Amino acid sequence: MNFCFTTIRSFPKLWKNNPYLGVGPGHSYNSFFLKDGYGIRNQQKLFSLKTVSPQNTKAVNLTAKARYRRKEDEGSNKVSSEFPHLFAAGAAKKRSQMNPHNQDLALSPERNIIQLPTKPLNSEQWDKLKEDFKGKANFEDWIILQMINCNSSIDVAKSLLAWVAAKNNGIVSYNLLVKYLCLCVFHKQTSEVFDVYEILKARYKTLETSASTLLIRGLIHSDRWREALLLLEDIKKVMTPSKKNYGDCIQGALLHQDVDIAWNLFQELLDHDLIPMMETLKAFFDFGKDIKDDQYSKKLLDILLYLRNNQLYPGESFAHSIKTWFESVPGEQWKGQFTTIQKNGQCLGCGKTLESIHLSAEEYELLKRKILSDVIDGGDQYKKTTPQELKRFQNFVEHCPPFDVVVDGLNVAKMFPKVRESQVLLKVVSQLAKANLRVLVLGRKHMTVQSARWRKDEMEKVQKQASCFFADNISEDDPFLLYATLNSGNHCKFITKDLLRDHKACLPDAKTQRLFFKWQQGHQLAIINRFLGSKIIFQHIPSYDTVVQTTGDSWHIPYDEDLVERYSYEVPTKWLCLHQKI
């Protein structure tokens, strides 16, 4: 008997009058739904709803091969001009590819045990497929998760649910039905979304937040979009809605020309201290192309200032929307172009110089006070050092003239694993000393003891060319590094591979954390040699700040390229330049 349904509208006939079918909304599905999304995942993230174009994948692979090819000759010390800056978008990815031995072994996801059907199956065919399934998971859950992962046809999924219903006296579990809803939402099968919604409303007094999230996204493109707002209100009764919940409702309001609701929801989102999704902000700019309203335009400019104040970066598609909107404003003659910035901070598009990376005197003093109070005095450094040793170090620094460079000795010494640590450190310190720079080397006491990796005569030469402070072997270097650098003044630089993210996180608010990152970009020196040659090469420090900025008649907006993987501590290298034509 063939149970392959042509529509889910026949499902209510199969439902029994049992109070809850299988798994109900009172249960938790933390491992089932993405926190801010409507996708399905497991521990290895096999079931992401994001589609990847084969062409884009190929482009990424080709780009990686082209950019990251390097010479095999280990005697060469030539540094490519393409070597990305320490904080440039994609730099961490490139470093990991250049150091394959340092990568964690990726866990290979479990291979599909059976092949997914590409067309609807009848009852006998599903029976056979389940018989062939050798996995430990529940077959029905496993197969529909695979369908979600592969964006299978709705008809195939419906045939699965029909088979399940026939085997269980017309019962389809809440769990399975919601997963089917996920596929319906992805394929934008609005009528199917309606049907599942009606079934869920009939069977359950309340829905899980995860199901409501799916329904919100499924309804916003339809004439029943206002029901998404009711679902949002239901979520508010138990928790703060996610930024995706708000974003979907905002997009629904804009799609149906209700601008006031969209802006009200946006303000509500900000009042909850949620960071809006970029696609939500993009929707406002896309909608703005069709209206001529000064008040609306002002709010769009406020969004750009919001990006600046929170050091957020639009994606490539969003950047195009911003450009299109500016150029559509009547009478203002905006012209946009995508460009890059020279090392001196000058825009290659319009010739203007961007804001300096260096902190003002007021900003520097504020950051210094915050670092001393929240990281040095109030942080967790006493877990790896003692108040007595920190005091000893502070007294040491106070009695020394200001330093030009502070070196994390142990960190720097390990940059070239095939070379003796003391030899590497001596090489770096000698080059800095020859440049007449006052150098402080921070290290551990074991570095002064003769060993295979630490030659005593080389460490004595280091101590002749630089001031040195050797802490106990259990001590943490970073608080000492920050204290010495900040205490020496705004001119002082520091050298370490450590990106200091833990210490940034100790700072009390987002504004201070952004100041710290700005200071870090302007003061952290990076060694970019691949091999220890005749000369140590330091990467240039950027002269400009990578944030949205405006002069009134111009805007410069850094944005993320689609094919570049940027880590949170990196900044984009591509810019949208907008200026008014005279």
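Looking up the protein in an unreviewed UniProt entry gives the name Mitochondrial ribonuclease P catalytic subunit, with the organism given as Pipistrellus nathusii. The Cofactor (unreviewed entry) field of the UniProt record for the protein holds the comment "Mg(2+)". Word for word, the UniProt comment on the protein under Subcellular location (unreviewed entry) is "Mitochondrion".

Visitor: So what's going on with the overall build of the protein? Which residues, and what values?
Guide: Helix and strand counts for the protein come out as 22 helices and nine strands. Across the protein, every contact between residues at least 6 apart in sequence was considered, and the portion connecting residues at least 24 apart equals 73%. Here the protein has roughly 29,400 Å² of accessible surface; of this, 49% comes from carbon and sulfur atoms.

Visitor: Got a sec to walk through the nonpolar core? Specific residues and values, please.
Guide: Membership of the largest hydrophobic core comes to 86 residues, with the highest contact counts inside it found for W126, I143, M147, L160, F284, L304 and I322. When residues of this core are assigned to their parent elements, the largest contribution, ten residues, is made by helix α6 (residues 174-186).

Visitor: Quick one: what's the story with the sheet that holds strand β8 (residues 554-559), residue by residue and with numbers?
Guide: Strand order in this open sheet of four strands is β1-β9-β8-β7, and the pairing throughout is antiparallel. Sheet topology places β1 (334-339) and β7 (549-550) at the edges, where each strand pairs with a single neighbour. Taken together, the six bridges between β8 and strand β9 (residues 574-580) define a ladder with antiparallel strand orientation. Residue P558 lies in a different strand from β9, and its bridge partner there is W575. Packed on one face of the sheet, helix α14 (residues 316-328) meets β1, β8 and β9 and runs near 160 degrees to β1.

Visitor: Hey, could you go over the pattern of salt bridges for me, with residue numbers and the actual values?
Guide: Under the counting rule described, the total for this entry stands at 28 salt bridges. Among the ionic pairs, D132 bridges to K128, the shortest N-O distance being 2.8 Å. Of this pair, D132 and K128 both sit in helix α3 (residues 123-132), separated by four residues, roughly a single helical turn. With a relative accessible area of 45%, K128 lands in the partly exposed category. One salt bridge connects K201 with E198, and the closest N-O pair in it is separated by 3.6 Å. In this pair, K201 and E198 both sit in helix α7 (residues 190-203), three residues apart, roughly one turn of the helix. Exposure remark for K201: the relative accessible area of 40% places this residue in the partly exposed category. Salt bridges linked by common partners bring E198, K201, R224 and E227 together as one network.

Visitor: Describe the packing of helix α18 (residues 421-434) against helix α19 (residues 456-465), and please don't skip the residues or the numbers.
Guide: Between α18 and α19, the shortest axis-to-axis distance is 9 Å and the interhelical angle comes to 25 degrees. Looking at the two axes, α18 sits roughly parallel to α19. Taken as a pair, α18 and α19 cross one another with a handedness that is left-handed. Here S422, Q423, L425, L426, V429, S430 and A433 of α18 lie close against α19, whose contacting residues are E458, M459, K461, V462 and Q465. In terms of residue class, the contact of α18 with α19 is made up of six nonpolar, four polar and two charged.

Visitor: Account for the sheet that holds strand β2 (residues 405-408), naming residues and giving values.
Guide: Spatial strand order, β4-β3-β2-β5-β6: five strands in an open sheet with parallel pairing. Two strands in the sheet have a free side with no partner beyond their single neighbour: β4 (467-471) and β6 (524-525). Note: strand β3 (residues 439-444) against β4, five bridges, orientation parallel. Paired with L442 across the bridge in β4 is F469.

Visitor: Explain the state of the cysteines residue by residue, including any values.
Guide: Scanning the model with the defined rule gives zero disulfides in all. Left unpaired, C577 is separated from the closest cysteine sulfur, that of C350, by 3.7 Å. Taking the relative accessible area as the measure of exposure, C577 reaches 0% and is therefore buried.

Visitor: Tell me about the packing of α3 against helix α4 (residues 139-150), and name the residues and values.
Guide: At their nearest, the axes of α3 and α4 sit 11 Å apart, and the two run at 100 degrees to each other. As judged from the angle between their axes, α3 and α4 are roughly perpendicular. Contacts from W126, L129 and K130 in α3 reach F139, E140, I143 and M147 in α4. The class makeup of the residues in the contact of α3 with α4 is five nonpolar, no polar and two charged.

Visitor: Residue-level account of unusual backbone geometry, with values.
Guide: Residue K188 is not a glycine yet carries a positive backbone phi of 55 degrees. Positionally, K188 belongs in the loop between α6 and α7. Residue K188 is classed as exposed on the basis of its relative accessible area, which comes to 60%. Unusually for a residue other than glycine, Q333 sits at a positive phi of about 55 degrees. When you line up the elements, Q333 lands in the loop between α14 and β1.

Visitor: Quick one: what's the story with helix α10 (residues 243-255), residue by residue and with numbers?
Guide: Over its 13 residues, α10 extends 18 Å from the first C-alpha to the last, a length consistent with the 18 Å expected when each residue adds 1.5 Å. Buried residues dominate α10, accounting for eleven of its 13 residues. Considered for burial, the residues of α10 that qualify are K244, N245, Y246, G247, D248, C249, I250, Q251, G252, A253 and L254. Along its buried surface, α10 packs onto α8 (209-219), α9 (226-236), α11 (259-271), α12 (278-288) and α13 (294-309). Where α10 ends, the next residue or the one after it, Q257, has phi of about 65 degrees, a positive value.

Visitor: Before we move on, can you summarise the side chain of H556 with the specific residues and values?
Guide: Here H556 is to be found in strand β8. The exposure class assigned to H556 is buried, which follows from its relative accessible area of 3%. What H556 contacts, discounting residues up to four positions off in sequence, is C347, C350, K352, L354, V547, V548, Q549, W575, L576 and C577.

Visitor: Could you give me a rundown of the pairing of β8, with the residues and numbers involved?
Guide: Among the six residues in β8, six count as buried, and that is most of the element. Of the two faces of β8, both are covered, the one formed by S554, H556 and P558 as well as the one formed by W555, I557 and Y559. Pairing of β7 with β8 involves two bridges; the strand directions are antiparallel. When the bridges of β8 are listed, T550 appears paired with W555. Linking two consecutive strands that pair antiparallel, namely β7 and β8, is a turn of three residues; a positive phi of about 100 degrees is found at G552 within it.

Visitor: So what's going on with the side chain of E227? Which residues, and what values?
Guide: Summarising the element assignment, E227 is placed in helix α9. In this structure the side chain of E227 is engaged in a polar contact, spanning 2.6 Å, whose partner is the side chain of R224. The contacts of E227, once residues within four sequence positions are left out, are Y197, K201 and L219.

Scoring rules and cut-offs
- Every chain's residues receive numbers from 1 upward, in the order its sequence appears when written.
- The predicted origin of the model limits local features to residues at a pLDDT of at least 70 and limits the giving and counting of side-chain atom pairs to 80 or more, whereas totals for whole chains, interfaces and linings rest on all residues.
- In computing side-chain values, all of the structure's heavy atoms are included and hydrogens and water are not.
- UniProt positions are given in the numbering used here, feature names are shortened, and annotations may be inferred rather than shown by experiment.
- A helix here means a DSSP run of H or I that spans at least four residues, while a strand means a run of E at least two residues long, and both kinds are numbered starting from the N terminus.
- Note on contacts: a residue pair is in contact if any heavy atoms of the two residues lie within 4.5 Å.
- All accessibility values rest on the Shrake-Rupley procedure with a 1.4 Å probe; residue burial counts only the protein chains present in the view.
- Joining through side-chain atoms within 4.5 Å is the link that ties buried Ala, Val, Leu, Ile, Met, Phe, Trp, Tyr and Cys residues into a set, and such a set is a nonpolar core.
- We call a residue buried when its accessible area falls under 20% of the maximum for its residue type, exposed when it is over 50%, and partly exposed in between, using a 1.4 Å probe and counting protein chains only.
- DSSP calls a pair of strands paired once it identifies at least 2 bridges connecting them.
- Simply put, an axis is a line fit to the C-alpha atoms, just over the touching stretch for a helix, and the angle between two N-to-C directions goes from 0 to 180 degrees.
- A carboxyl oxygen of Asp or Glu within 4 Å of a side-chain nitrogen of Lys or Arg is what we treat as a salt bridge.
- For classification, angles of less than 35 degrees are called roughly parallel, those exceeding 145 degrees roughly antiparallel, those between 65 and 115 degrees roughly perpendicular, and all remaining angles oblique.
- Here is the rule for handedness: rotate from the far helix to the near one, and if that takes an anticlockwise turn smaller than a right angle the crossing is left-handed, while a clockwise turn gives right-handed.
- Throughout, the ten residues Ala, Val, Leu, Ile, Met, Phe, Trp, Tyr, Cys and Pro are labelled nonpolar, Asp, Glu, Lys and Arg are labelled charged, and all others, Gly among them, are labelled polar.
- To count as a disulfide, a pair of cysteine sulfur atoms needs to be within 2.5 Å.
- By this rule, a helix spans an expected 1.5 Å times one less than how many residues it contains.
- Polar contact is defined as a pair of N or O atoms within 3.5 Å, subject to the rule that within protein one atom must be able to donate a hydrogen and the other to accept it, and that residues adjacent in sequence are counted only when both atoms are side-chain atoms.

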